Amino acid sequence: MATYIDLIDRKIMPFVQYGDYPDRYPALSGLIFNRNFYEEMRAASRELFAIFEKTVKIFQRAPRDFQEQMEIPPKLIPFLNIPNALNLSTWLARFDFVLNEYGELKVVEINADTPCAIIEAYYANQIAADFFGRVNPNFGMENTLAAYLKNIKRQISPARINLSGGEFSRERPFVFSCFDDYVEDFGTTNYLMNLLKRDSIADDVEFVSFYDLSVDAEGILLPDGRHAAALYRLHPMEILIEETATDGSELGVLFLEKYAEGKFALFNPPEAIIMQNKAFMALVWQLHLHGGYFDFREDEVIERYMLPSFFDEDAEDLGAGEFIRKPIWGREGKNISIVSGGRTVFENEPEAEEIICRDSEKFMYQEFVEAPEFEVSTDSGRHAGFITLSCFMLGTEPSAVYCRFSQNRIIGTEAYFVPLMVS
């Protein structure tokens, strides 16, 4: 039987069949919510983002020892206060929400450094909605994303026109980069690049693998001897800062030193790592509890949409109830557990060898939400499980929504993409 999955262009989304998983990554069925639900998710994301940006500025003014206590890599700290073209700590981010037993939205984290699932939300969700004859909550947002990318390019990589030749100069291109042997990152990076190039002259936009980039006195050196004017990178900043060259020199530090000198622009900027840090949620919550940092409306939004969150140092005072224990630099559910009364009641360990992340010494704790179950169809049948809902941010504006599903209480690499539609 034909499904919407058969209509997905594998050149755009090359990870429909992912690794050795027996099922394809997209679920066969979708989930339907009313328009007000999506509007609330976007409104919450807009207000939370403003609160998070305010918190980033507080963090940037904090003493270095506090920043190190939150496990910000010491080598990275000098580069977290460099002005950028958009004057935002992250330019493209993704909020992740869960639903509590009452169906209320609760934000669990923000992916501010290297968010993925962009193709699913902006492209594949429309394919599914059309197939099912439903309204796509993300209708028209692929065009919005394309326009946003073009606006970024205008601000950080202005075209250089060769008046004698009547052509755009390719002297310093806007480079999109990731490790090209990781299919999801490769697909996402190329999707964004092709959106930027769509319907415009973009000879100065190109893909170069991270394997083929190097750094010299003039910035990011490309294989043909040119230098990049700007770089979209799908490589975690907390890992990039520790990269070394074959001679042992600190390549990551040199990279950011050239960024600080203005040799190139970075998308996302280095300070996106502040929000990416899992302990950031605890920082927002503690500022809320102690008062005086947020206004009445901001405190109201925090109370409504955030979960009580605590630093590792506060673990002994958590009291009753269950809490999610997250490593500060964890990704994809790696090493996340549920604790209660000082003991572990559930531990999640996905296929760790596939997950690239920095080792963490510290953890943060977040009140555990007993989420409602949903039923979703996959290649292997009908399953009951749990969902995470997401809302992308294009700068300060909320954009496309996204959903993933897992039979596990803590969602990791095994999750399915589930199309969202309007009732």
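The coordinates are above.
Everything numeric here is computed off the predicted structure, so don't read it as measured data.

### Section: the overall build of the chain
Helix and strand counts for the chain come out as ten helices and 21 strands. The C-alpha radius of gyration computed for the chain amounts to 21 Å, which stays within 12% of the reference 22 Å derived for 423 residues, consistent with globular compactness. Oriented by its inertia axes, the alpha-carbon framework of the chain measures out at about 70 × 60 × 45 Å. In the chain, which comprises 423 residues, the proportion classed as buried is 57%. Surface accessibility of the chain: about 18000 Å² in total, with carbon and sulfur atoms responsible for 50%. Taking the average place of the 39 positive charges on the side chains of the chain and the average place of its 67 negative ones, the gap between the two points comes to 5 Å.

### Concerning a nonpolar patch on the surface
A cluster of nonpolar side chains, Leu-7, Phe-131 and Phe-132, forms an exposed patch at the surface whose accessible area comes to about 270 Å². Here Phe-132 shows up in helix α3 (residues 118-132).

### Looking at the layout of surface pockets
The computed volume of the second largest pocket comes to approximately 280 Å³. Lining the second largest pocket we find 14 residues, and of these Phe-179, Phe-210, Leu-213, Glu-243 and Leu-251 sit closest to its centre. Listed by contribution, the elements that provide at least two residues to the lining of the second largest pocket are β8 (214-216) and α7 (251-260). Per-element accounting of the lining of the second largest pocket gives the leading share, three residues, to α7.

### Quick word on the sheet that holds strand β15 (residues 343-347)
Taken in spatial order, the five strands line up as β12-β16-β13-β14-β15 in an open sheet, and their pairing is antiparallel. The two strands at the open ends of the sheet, each matched to only one other strand, are β12 (309-311) and β15. Within the sheet, the average angular offset between the axes of one strand and its neighbour, ignoring direction, is 30 degrees. Looking at chain direction, strand β14 (residues 337-340) and β15 are connected through four bridges and run antiparallel. Counted as the bridge partner of Ser-340 is Arg-343 from β15. Contacting β12 and β16 (363-367), helix α9 (residues 280-290) runs over the sheet at an angle of about 105 degrees to β12.

Basis of the calculations
- Residue numbers restart at each chain and count upward from 1, following the sequence in its written direction.
- Restriction of local features to residues with pLDDT of at least 70 applies here, the model being predicted, together with a cutoff of 80 or more for giving and counting side-chain atom pairs; totals for whole chains, interfaces and linings are based on all residues.
- Excluded from the side-chain calculation are hydrogens and water; included are all heavy atoms of the structure.
- The secondary structure listing takes helices from DSSP runs of H or I that are at least 4 residues long and strands from runs of E that are at least 2 residues long, numbered from the N terminus.
- Using C-alpha atoms as the atom set, the radius of gyration is obtained and then compared with a globule rule of 2.2 Å times the number of residues to the power 0.38.
- Any residue under 20% of the maximum accessible area for its type is buried, any over 50% is exposed, and the rest in between are partly exposed; the area is computed with a 1.4 Å probe on protein chains only.
- Exposure was quantified through the Shrake-Rupley algorithm and a 1.4 Å probe, taking into account, for residues, occlusion by the shown protein chains and nothing else.
- Charge assignment: positive for Lys and Arg, negative for Asp and Glu; neither His nor the chain ends contribute.
- Each charge is placed at NZ for Lys, CZ for Arg, CG for Asp and CD for Glu.
- Each patch is built from salt-bridge-free residues with over 30% relative accessible area, joining like charges within 9 Å and nonpolar side chains (Val, Leu, Ile, Met, Phe, Trp, Tyr) within 5 Å.
- Think of a salt bridge as a Lys or Arg side-chain nitrogen and an Asp or Glu carboxyl oxygen that are within 4 Å of each other.
- A pocket, in this scheme, is an open set of points on a 1 Å grid over the protein atoms alone with protein on both sides within 12 Å along at least 5 of 7 lines, while a cavity is a set where a 1.4 Å probe fits but cannot get out; residues line either one if an atom lies within 4 Å of a point.
- Grid points are joined across faces, edges and corners, and a volume is the space filled by probe spheres set on the points.
- Between any two strands, pairing holds if DSSP finds at least two bridges.
- A fitted line through C-alpha atoms represents every axis, and for helices the fit uses only the stretch in contact; the resulting angles, taken between N-to-C directions, go from 0 to 180 degrees.
- Any two residues having at least one pair of non-hydrogen atoms within 4.5 Å are treated as being in contact.

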